Every structure is written in structure tokens, then in C-alpha cells.
Amino acid sequence: MVHLYDRELAAWAPMLPPIDHSDPESARVWIAEVDVPGPAGAPAVPVRVYAPVRPADPWAFSPAVLYFHGGGFVTGGLETGHDECVWTATTLGAVVVNVGYRLAPQFPYPQALMDAHAALYWLSAQGESLGIDPNRIAVAGEDAGAGIAAALCLLARERTGVRPCFQLLAGPLLDDRLASPSAQQFTDTPMLDRIQAANMWFHYMGAAAGGPDVSPYAAPARAQDLTGLPPAHVSVCDIDPARDEGIAYAQRLIQAGVPTELHHYPGTFHGCASIPGAEIAQRMREDRVSALHRALCTPPLPPAPVHGPPVPASPALS
């Protein structure tokens with residue numbers, strides 16, 4: 001694994017809280033809170049940076065993960081995904097940046113996505129100061145955060161500049177229409193049901209939710225073209241209104257030629273990965289960090305040798 005060189009952390013030292021060495025996890029990662037320049041005319045975006053602290057090659061650069069917390073677009077913050085970010089940083093050896101995007105209904109679409117875009121550009125620009133490789137930035141999220149991560153990949157595809165190399169979407173909220181079988185079926189389920197999902201989308205998009213003129217940057221399932229997006233890891237829970245929209249999005253990514261891994265966890269419900277001590281929650285977390293490791297830390301395989309006679313050149317077209 002690749003880790004930050006201590007010299008690169010010197011600039012962050014004044015902002016870092018004392019490390020609690022009685023906590024094995026916090027003793028292995030620097031944590032700093034930073035205000036990132038926001039979109040034009042908007043306030044700064046608060047982020048929390050998690051940087052592993054271990055000796056490493058000073059010329060090596062770490063991968064990075066830009067993380068978006070869950071909460072149905074209306075709740076949550078930097079504390080929501082704190083444990084996940086600490087565990088990911090220490091296990092993966094990557095810099096993790098937890099984004100405190102603005103929440104609906106006070107700040108409806110597109111404010112959260114614009115904050116996400118600002119954080120992505122800031123992270124890429126840090127490069128040497130954070131010891132990261134700007135070509136190995138993954139976006140990851142849960143719930144609404146996964147929807148924002150998916151939308152950010154769509155937006156980055158259309159704009160010049162930095163593009164994520166991987167997207168990890170855990171229980172993603174992607175479709176405001178709520179027309180899938182699971183969205184119709186699960187009207188009384190833990191953590192999220194159909195009524196809560198409808199309210200969430202209304203808070204995020206207002207009266208436009210469910211209508212004909214919704215941007216794919218608001219609800220990524222609305223996107224007509226998924227080609228050219230980064231490889232994806234999509235995971236869904238079984239007893240979850242959002243289950244089928246996640247499965248459908250993964251299938252469409254595959255059909256568009258995007259390398260995609262889909263995980264469906266039988267018997268689980270929305271948000272159960274956050275249950276402390278649950279065996280399935282641990283397995284979900286391990287599956288996610290394994291996917292990130294394969295995407296960010298595993299060197300590419302050399303080309304396979306070509307066997308057999310050479311293929312003749314195609315005849316010229318007249």
C-alpha cells in the first residue's frame with residue numbers, strides 16, 4: 001500500500017487535532033477540517049481530510065477517495081460517514097476527503113452537486129501538497145451521497161478537467177420517478193420507505209420531482225447515455241425501495257460498456273451497513289474497500305501474449 005510521506009503533511013499540522021493514541025484507528029490517520037472554495041457566489045464547502053500516517057516512499061503518491069455521506073439529501077454531515085472514512089483511509093492507504101455538501105430543502109438541487117464538483121476540483125488541485133495522484137481519484141457515496149457521486153461522474157464527463165477514475169455507489173438514490181417494482185412494493189420498510197423517498201425527492205427538487213423535465217444531474221437514472229463513465233461498483237439492499245433503480249443503473253452501465261460490479265445483499269434493508277457490530281455490515285464495508293483497492297491500488301496486468309498466426313490486414317476499401 002502507498003501512504004503519505006510525512007513531509008507532505010507539514011502544511012496541515014497546525015489544523016490537525018491531537019492524536020488519541022489510545023484509539024488504534026485515530027492513531028493511524030491525520031484528520032484535518034478545511035474550507036474548500038465553493039462554487040461562484042456560494043459559500044465555502046467544508047471537508048474533512050483523512051490522511052494515513054505511515055512511512056512511505058517520498059516519491060510515491062497515494063490514491064484518493066472523495067466521499068459523500070448519506071441522509072436522503074436532507075440530513076447528515078461530516079460526522080455521518082466519519083467511521084467509514086477513517087476505516088477506508090487506514091485500510092486502503094488512501095487520502096479520503098469527506099464532503100459536507102449543502103442540504104435540502106434549504107439548499108435544493110443543484111447546490112449539493114455544485115459543492116461536490118468544487119470539492120473534486122480542489123482535491124485534484126492539491127496533488128503534491130496532499131501527496132495524491134490526481135489520476136487516481138475515486139468518488140464514493142451512500143444513499144443520497146451515492147446519487148451525488150453518480151451525478152458528479154456524469155457532470156465531469158461533460159466538462160474538461162479532472163474526471164474520477166472510479167465510482168462506488170452504495171444503496172444509490174438515482175430515480176425520482178419511483179416507478180420500479182421495489183419502489184412500489186416497499187411502503188413500510190426500515191430506514192427508507194416509498195413515502196420517505198417521495199418526500200426526499202420533493203425536498204431536493206421541488207415540484208419538478210417525478211415530472212418529465214428532470215435533469216440527469218439531479219436524478220442520474222434519467223441519463224440517456226452512460227457511455228464513457230468511470231468503472232463502477234454498485235451495491236443494493238434487498239428490502240429497499242431503491243433496490244431496483246440501483247440494479248437497473250448497474251445494468252445500463254454494463255450495456256454502455258462501463259466495467260461494472262453489482263452486489264445484491266439478500267435479506268438486508270436500506271442503510272443497514274451502518275449498524276455497529278453487524279456481520280453483514282462488516283461484509284459490506286469489506287466489499288467496498290476491496291473494490292476501491294482493486295480500482296486504485298492494484299497495478300494493471302501486462303498485455304496477454306498473442307498466440308497463433310498473425311491476422312492478415314483488411315483489404316482496402318474501394
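Let me begin by describing the structure that accompanies this report.

1. Things to note about the sheet that holds strand β6 (residues 166–170)
Taken together, 8 strands build an open sheet; the order of strands is β1-β2-β4-β3-β5-β6-β7-β8 and the sheet is mixed. Strand pairing shows two members of the sheet lacking a second neighbour, β1 (29–36) and β8 (260–269), which therefore form its edges. Going from strand to strand, the sheet's axes swing by 20° on average, the running direction of each strand aside. Direction of pairing for strand β2 (residues 45–52) relative to strand β4 (residues 95–99): antiparallel, over a ladder of 4 bridges.

2. Section: the pairing of strand β3 (residues 62–68)
Counting buried residues along β3, 7 of its 7 residues qualify, which places the element largely inside the surrounding structure. Sheet analysis places β3 next to strand β5 (residues 132–142), joined by 6 bridges and oriented parallel. Counterpart to L66 in the pairing with β5 is V139. Across 5 bridges, the pairing between β3 and β4 is parallel. When the bridges of β4 are listed, Y67 appears paired with N98.

3. Description of the pattern of salt bridges
Taken as a whole, this structure holds 12 salt bridges when the rule is applied. Between R177 and D175 there is a salt bridge, with its nearest N and O atoms 2.8 Å apart. A salt bridge links D244 to R243; its shortest N-O distance comes to 2.8 Å. Accessibility expressed as a relative area gives 16% for D244, which makes it buried. For R243, a relative accessible area of 15% corresponds to the buried category.

So, how was this worked out
- Residues numbered from 1 in each chain as written.
- Predicted model: local features only at pLDDT ≥ 70, side-chain atom pairs only at ≥ 80, totals over all residues.
- Heavy atoms only, no water.
- Pairing = 2+ DSSP bridges.
- Helix = DSSP H or I, 4+ residues; strand = E, 2+ residues; numbered from the N terminus.
- Axes fitted to C-alpha atoms, helices over the stretch in contact; angles between N-to-C directions.
- Buried < 20%, exposed > 50% of the residue type's maximum accessible area, 1.4 Å probe, protein only.
- Salt bridge = Lys/Arg side-chain N within 4 Å of Asp/Glu carboxyl O.

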